[in-house]
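# Descriptive structure summary
Residue-level listing of the chains:
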Amino acid sequence: MALELKPLILAGGRSTRMGSPKHLLQFPDGTPLYQHQVKLLRQALPSVTTIYMSLAKDSQLDTYLQNADDHNIKIIYDTRDNHDEAQSGGPAQGLLAAHEFDPKATWLVLAVDYPLLTVDLLQQLQDAYQPPVTCFRNGEGYCEPLLGIWSPEALRRLQDNLRQGRSSGPSAVVRQLGGHQIDPETESDRVLMNVNAQADWDKVVRLLFTSKAYP
């Protein structure tokens, strides 16, 4: 029986270097980045109805997200207990918020700021999945834990690390558990490019138009 995955977009970061919310970055036709990622996940997981999206409590919502339920998008807010409710706990907390929402789920995780990932790469990830965690590895040999599949076991380890004050990042969990890392079947420097500043986003738009792969 095929593994049932829940799709999760991580979009709760502070976007300090970008200066504006990454998930609301717009392509030239006005489509926000997060909607492109929603479309990508729906194509990669065609049997899935609901797309989950992790945001901070103070994340800016456009009209579409304000009516997320109408579009089969479930927002999971990633704030920690006993912390400032308006502050995101970063990607680790976004993963844990999803785990707390459904402790039995295995999540296909896509950080919102990887706009060049393709359906084929997400299919490769699914085909290569080995529990407890599988993720891509970039061209420099570093794991990309926010482009991966996370089992309950892996998320429990992340949760334990955080509670016990050990190295709490997702990359640390991949190392501790001997997670499966895969190389993309295409140009890794391009498809695994993430956007942290406006110059990165400008480059992404140029690349998409040059390759005629604009979504």
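Scroll up to find the structure.
Here's what I pulled together on the structure shown here. (Residues numbered from 1 in each chain as written. Predicted model: local features only at pLDDT ≥ 70, side-chain atom pairs only at ≥ 80, totals over all residues. Heavy atoms only, no water.)

This paragraph deals with the nonpolar core. Residues L95, W107, L117 and W150 are the most contacted members of the largest nonpolar core, which totals 68 residues. Apart from the residues lying within four places of it in its own chain, the contact partners of W150 are L95, A105, T106, W107, V109, P132, V133, P145, L155, P170, V173 and V174. (Core = buried A, V, L, I, M, F, W, Y, C linked by side-chain atoms within 4.5 Å. Buried < 20%, exposed > 50% of the residue type's maximum accessible area, 1.4 Å probe, protein only. Contact = heavy atoms within 4.5 Å.)

What follows deals with the sheet that holds strand β7 (residues 180–182). Pairing between the strands of a sheet comes from backbone hydrogen bonds, and it takes one of two forms, parallel or antiparallel. As summarised here, the arrangement of the 7 strands in space is β3-β2-β1-β4-β6-β5-β7, forming an open sheet in which the pairing is mixed. Sheet topology places β3 (73–77) and β7 at the edges, where each strand pairs with a single neighbour. Strand-to-strand twist of the sheet, defined as the mean angle between neighbouring strand axes without regard to direction, takes the value 30°. The sheet contact formed by strand β5 (residues 133–137) and strand β6 (residues 143–150) spans 5 bridges and is antiparallel. For T134, the partnering residue across the bridge sits in β6 and is I149. Packing against the sheet, helix α5 (residues 152–164) makes contact with β4 (106–111), β5 and β6, and its axis sits at approximately 125° to β6. (Pairing = 2+ DSSP bridges. Helix = DSSP H or I, 4+ residues; strand = E, 2+ residues; numbered from the N terminus. Axes fitted to C-alpha atoms, helices over the stretch in contact; angles between N-to-C directions.)

Using the criterion set out here, one finds 4 aromatic pairs in the structure. For the pair Y34 and Y64, a centre-to-centre distance of 6.3 Å together with 55° between the ring planes defines the contact as tilted. Highlighted residues: Y34 in helix α1 (residues 33–44) and Y64 in helix α2 (residues 63–66), separated in sequence by 30 residues. Y34 sits in the buried class, given a relative accessible area of 0%. Under the relative-accessibility criterion, Y64 is labelled partly exposed at 29%. (Phe/Tyr/Trp six-rings, centres within 6.5 Å; stacked < 30°, edge-to-face > 60°.)

In this section: the pattern of salt bridges. Scanning all chains against the criterion turns up 3 salt bridges. A salt bridge links K6 to D102, with the nearest nitrogen and oxygen atoms 2.5 Å apart. Remark: D102 occurs in the loop between α3 (90–101) and β4 and K6 occurs in strand β1 (residues 5–10); sequence separation between them is 96 residues. Residue classification places D102 among the buried residues on the basis of a relative accessible area of 19%. Between K22 and D113 there is a salt bridge whose closest N-O contact spans 2.9 Å. With K22 in the loop between β1 and α1 and D113 in the loop between β4 and α4 (119–128), the pair connects residues that are 91 residues apart, well separated along the chain. Note on D113: relative accessible area 12%, which makes it buried. (Salt bridge = Lys/Arg side-chain N within 4 Å of Asp/Glu carboxyl O.)

A few words on α1. Over its 12 residues, α1 runs 17 Å from end to end, which matches the ideal 16 Å to within 8%, given 1.5 Å per residue. Listed in full, the buried residues belonging to α1 are L33, Y34, H36, Q37, V38, L40, L41 and A44. (Expected span 1.5 Å × (residues − 1).)

Two elements in contact, α1 and α4, have axes whose closest approach is 9 Å; the angle formed by their N-to-C orientations is 50°. By the angle between their axes, α1 is oblique relative to α4. Regarding α1 and α4, the two cross each other, and that crossing is right-handed. For the pair α1 and α4, the contacting residues are L40, L41, Q43 and A44 in the first and V119, L122, Q123 and Q126 in the second. Among the residues making up the contact of α1 with α4, the classes are represented as 5 nonpolar, 3 polar and no charged. (Parallel < 35°, antiparallel > 145°, perpendicular 65-115°, else oblique. Left-handed = near helix turned anticlockwise from the far one by under 90°. Nonpolar A, V, L, I, M, F, W, Y, C, P; charged D, E, K, R; others polar.)

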